[in-house]
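# Breakdown of the fold
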Amino acid sequence: MAEPDWTGAIERAREFAPFLARSLDRQGELAKLLADGQGEAALEWARARGGHEDVDIALRRHRLGLATALAVGDLAGAFPLARVVGELSHFADHALDKAIRAAIVERTGEYRSDGMIALALGKQGAGELNYSSDIDPILLYDPQALPRRESDDPGEVAQRYARRIIKILSDNTPEGYVMRVDLRLRPAAEISPLVVPRSSALTHYQGQALAWERAAFVRARAAAGDIEEGRKFLAEIAPFVWRQALDFGAVEEIRDLTLRIRQSYDGPKRPGPGFDIKRGRGGIREIEFFAQTHQLIHGGRDPSLRVRGTREALDALAAAGRIEHDQARVLGEGYDRLREIEHRLQMVNDRQTHSLPEAGALDGVARLDGLENGATLVEELVELTQRTGAIYEELIGEEERSVASAPPPTERTAALEALGFDNPDSLAARIEEWRDGRYAAIRSPQALEAFDRMLPGLLKAIAKSDDPERALARWQGILERTTSAIRLFRLLGAEPDVLERLVAALTLSPILADELARRPETLDVLIDREPIDFEHLFETTLEEMRQGPERDDYEAQLDCIRHITSEARFTLGVGLITAEYKPSQIGAALSDTAEAAINVAREAAAREFARRHGQIDESELVIVGLGRLGGGALTHASDLDMIYLFTGEFSDQSDGEKPLGATLYYNRLSSRVSAALSVPTAQGVLYEVDTRLRPQGNQGPLAVSVEAFAKYQRESAWTWEHMAINRARVLAGSDSARAQVDAVIAEVQCQKRDPASLRKDVLKMRADIAQHKPARGNLDVKLLRGGLVDVEFLVHFLQLRHSAELAAANPDMLAPDFAKAIPALTRAGLVGEDLWPAYDLMTDLLVAGRLLAPDGSKPPPAAAKALARACQCDSYADLEARLDQARAVVACSWAQSFEQTLELD
């Protein structure tokens, strides 16, 4: 970095910036510090000037000294742009706070700011103020906390304070001015007073605000006054700004606003005299809107994007993969340079201007910046704005190219026939019906243009699918249910990977396709894809569900659980069919998601139930998962196998308005939890809950005490129930409750058993299943002989047969997760090392097959290819061969343990 040139900076300031020349003359001590290269001392001198007892004088002198010191330091190369705008923004916060306190102390004698909130928006909120910028705060007040005289009406005195604040900051006196204040961004500015009650503002933003207000609040910050209350207010309206679900209509409103801004600009289109570097093509505002629009689209799901500064936002978007790193670099460097030139323009006469002046004055601005002449500056700006403007136009769809139009009917029919569609004439007519305005999503000219641009790629991809007609029907379902999709159409036309994921979801898996057609908002997942954090998925999902609606709105809580769970299942499904993740990894994530939903449903149901029936001291509901849920390996088609237990004495009673005995209390509460997870709501059905593995099955109560459960397992349970216990895992309950249940499970597992009787029971049960539930097809890896059921029976037999003597030294052999249990049995010498890879392959095939081959038979070609790819096989034939090998491994292990030959078809 070059050494600062303080002498050259002062000379240029005196020659080309009349405002700076006058300021240096008025502040001789400051001018000397700057001439000596003491930039930091100059800033301290300016701050000290703000110590005058008269707030109007203090702030004006502080501002003049600061503006002069920063300007010369900027020109000298001593203060980088970030330092300059940061200092200016910090002063604006300070001045606004001083004005608030001054207005209050003049009225009440109390130097405080309780109840008066100043939210900074725009460049002040972002910490990016320029030399001669307005500030655009929103002033709010709390009638209960606002200092006032006893006789004052809170609303009236709040307006008095606001008028005084504006006067302190904006009046031009012999000392100058502090800053211009623009309050037009407040809620309903055309009818609302200058300062708005906090409660009214909250109501506005939660239900009446417009899309542009969302964009404004991307950079909002509690800047002055009652800052803590300001932060609380911003936290309360955060869901309005950062929406979890993409709102294409709102995003389109932002785009339209930006287009209107560009269209309303009537200055020169290219840099030169009169060109506005803020509003012109490729200028400051377009770069800011580029960043903010992407933040609005993706920030609801990705908190790392919720930053205020423009450069910071561009860097965050690039780091998150939302924009290209080269785009962030070009826009960021362009933004910094435009801001520097903006400052040069404003330094000249301390005016809020963004337009390049005429030739002679333009030369002066250029030379103030250190350039040779105005032509050099214009040449630089032409190249800069061309680069930044082109990137912005990719976002708003205003590229300089011919407008796409639909081909004539005969050409469309021929194109559809060439793609291989069976009834091209019929499909061409159907497409025209889509385009004729009957669907809200394609009603506007812009939407129709985007739709026409996207459609050829979509049709080409659908034509290659296994069932084009079904895919088209599902696509039509999306159009019917979506009110605004222009952003989606543009993304599909511009992002091949988004198109690929959409077509995969529409064509490869009936489950995902039906979900997409039923709930088009699920498209968010395809567009706003995040890497899946498998390691922390349970915790993050649990936290997201718990942060949902208010706890007293039970139905809203259930809808929130359904929304988050459905979206997670769809996300995981797309990751599976596109082979981004291993299917067994997806199965574990499905289990984590279900476990989070179970916990939050239990909490919500318990709170709701307690309203009427109270609680039972030192007692709680415990939920135990079994089967694939207990083993942490669900599929998209899995039921939830659960049993309900409760701690404490069955003779206890609740303390509510309508008390219940413990057994009845927990049976009714368990029924509520099951309903919370399975009864349809506006968000649809979540899971099927299966409680038949509870003591005495369907004949027994839904919930029993832990003590009763232990007694049943010791004295009455069948062998198959002890086998099921091997995959039991506590899903919901306190640590102490978990310890109680885990002790019962361990006791059951480690009972001594007669090996012959155990073998006889296991083989009989497996034979009964084989007789009554044969495999549905050659991919039904669950029921095929040598498949997953055989592995499960084998593992459970070995666990029950050997646990008494081996479990203490090898505890993982009793783990409900087979990824731990099978290797542990291998270490004990009970199964071969090849059993785990065989089981792992079949688990992958089961999880992937539930989406890609749901009937257990060979799927159509594209789905078969996707299934093989998901299972990490080179081809479907390779998958079949590896499945045969895996089943042979299971048959060998079966024969070794049971001395029985499995007949493999």
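You'll find the structure just up there.
So, a few notes on the structure that sits alongside this text.

Analysis parameters
The numbers attached to residues start from 1 for each chain and follow its sequence in the written order. Where local features are concerned, this predicted model is filtered to residues with pLDDT of at least 70; where side-chain atom pairs are given and counted, the filter is 80 or more; whole-chain, interface and lining totals use all residues. In computing side-chain properties, one takes all heavy atoms of the structure into account and sets aside hydrogens as well as water. Segments assigned H or I by DSSP are reported as helices when at least four residues long, segments assigned E as strands when at least two residues long, and all are numbered from the N terminus. Buried, partly exposed and exposed residues are distinguished by accessible area as a fraction of the type maximum, computed with a 1.4 Å probe on protein chains only: under 20%, between the cut-offs, and over 50%, respectively. The definitions used throughout rest on a 1 Å grid laid over the protein atoms alone, on which a cavity is an enclosed set of points accommodating a 1.4 Å probe that cannot get out and a pocket is an open set flanked by protein within 12 Å on both sides along at least five of seven lines; lining residues are those having an atom within 4 Å of a point. Grid points are joined across faces, edges and corners, and a volume is the space filled by probe spheres set on the points. Basically, the charged four are Asp, Glu, Lys and Arg, the nonpolar ten are Ala, Val, Leu, Ile, Met, Phe, Trp, Tyr, Cys and Pro, and anything else, Gly included, counts as polar. Here, any two strands with at least 2 DSSP bridges between them count as paired. All axes here are fitted lines through C-alpha atoms, helices being fitted over the stretch that makes contact, and every angle between N-to-C directions spans 0 to 180 degrees. Here, residues are in contact when the closest pair of their heavy atoms is within 4.5 Å. Each nonpolar core is a collection of buried residues, namely Ala, Val, Leu, Ile, Met, Phe, Trp, Tyr and Cys, held together in the definition by side-chain atoms within 4.5 Å.

## What about the side chain of serine 465?
Along the polypeptide, serine 465 turns up in the loop between α20 (445-463) and α21 (468-481). Assessed through its relative accessible area of 11%, serine 465 is described here as buried.

## Digging into empty space enclosed by the protein
To find the voids left in a structure, one rolls a probe of water-molecule size over its atoms. Per the counting criterion, the structure on display carries ten cavities of 30 Å³ or more. Space inside the largest cavity adds up to approximately 140 Å³. Every residue lining the largest cavity is counted, 13 residues in all, and those nearest its centre are Arg63, Leu88, Tyr131, Val178 and Met179. Sorting the residues of the lining of the largest cavity by element identifies α5 (55-76) and α6 (81-108) as the ones contributing at least two each. If one sorts the elements of the lining of the largest cavity by residue count, α5 sits on top with three residues. Of the residues belonging to the lining of the largest cavity, the class tally is nine nonpolar, three polar and one charged.

## Remarks on the sheet that holds strand β4 (residues 221-225)
Taken together, the four strands give an open sheet; going across it, the order is β3-β2-β1-β4, and neighbouring strands pair in mixed fashion. Of all strands in the sheet, those bounded by a partner on one side alone are β3 (195-197) and β4. Averaged over all pairs of adjacent strands, the angle between their axes in this sheet comes to 35 degrees, without regard to strand direction. Helix-sheet contacts for α6 involve β1 (116-120) and β4, and the interaxial angle to β4 is about 45 degrees. The strands touched by helix α8 (residues 154-170) are β1, β2 (138-141) and β3; relative to β2, the strand with the most contacts, the crossing angle is about 150 degrees.

## Comments concerning the environment of valine 781
The residue valine 781 is located in the loop between α34 (755-772) and α35 (788-806) in this model. Overall, the relative accessible area of 1% leaves valine 781 in the buried class. For valine 781 and aspartate 884, which are 103 residues apart along the polypeptide, the C-alpha to C-alpha distance reads 10 Å. Setting aside chain neighbours within four positions, we find valine 781 in contact with Gly787, Leu788, Met842, Leu845, Leu846 and Leu883.

## Structural notes on unusual backbone geometry
Its identity as a non-glycine residue notwithstanding, aspartate 350 has a phi of 55 degrees, on the positive side. Looking at where aspartate 350 falls in the secondary structure, it is placed in the loop between α15 (325-349) and α16 (359-368). For glutamate 618, which is not a glycine, the phi torsion comes out positive at approximately 55 degrees. Looking at where glutamate 618 falls in the secondary structure, it is placed in the loop between α28 (583-613) and β5 (621-625).

## So, the nonpolar core
Ranked by internal contacts, the top residues of the largest apolar core, which has 150 residues, are Trp434, Trp475, Phe489, Leu502 and Leu867. It is α28 that contributes the most residues to this core, twelve residues altogether. Setting aside anything within four residues of it in sequence, one finds leucine 867 in contact with Leu779, Leu845, Ala848, Gly849, Leu852, Ala853, Pro859, Tyr876 and Leu879. In terms of nonpolar packing, the next biggest core, distinct from the first, is built from 97 residues, Leu88, Ile284, Ala366 and Leu395 among them.

## Here we look at the side chain of threonine 541
When you line up the elements, threonine 541 lands in helix α26 (residues 537-546). Overall, threonine 541 belongs to the buried group, its relative accessible area being 6%. Leave out the neighbours within four places in its chain, and threonine 541 touches Ile564 and Ala596.

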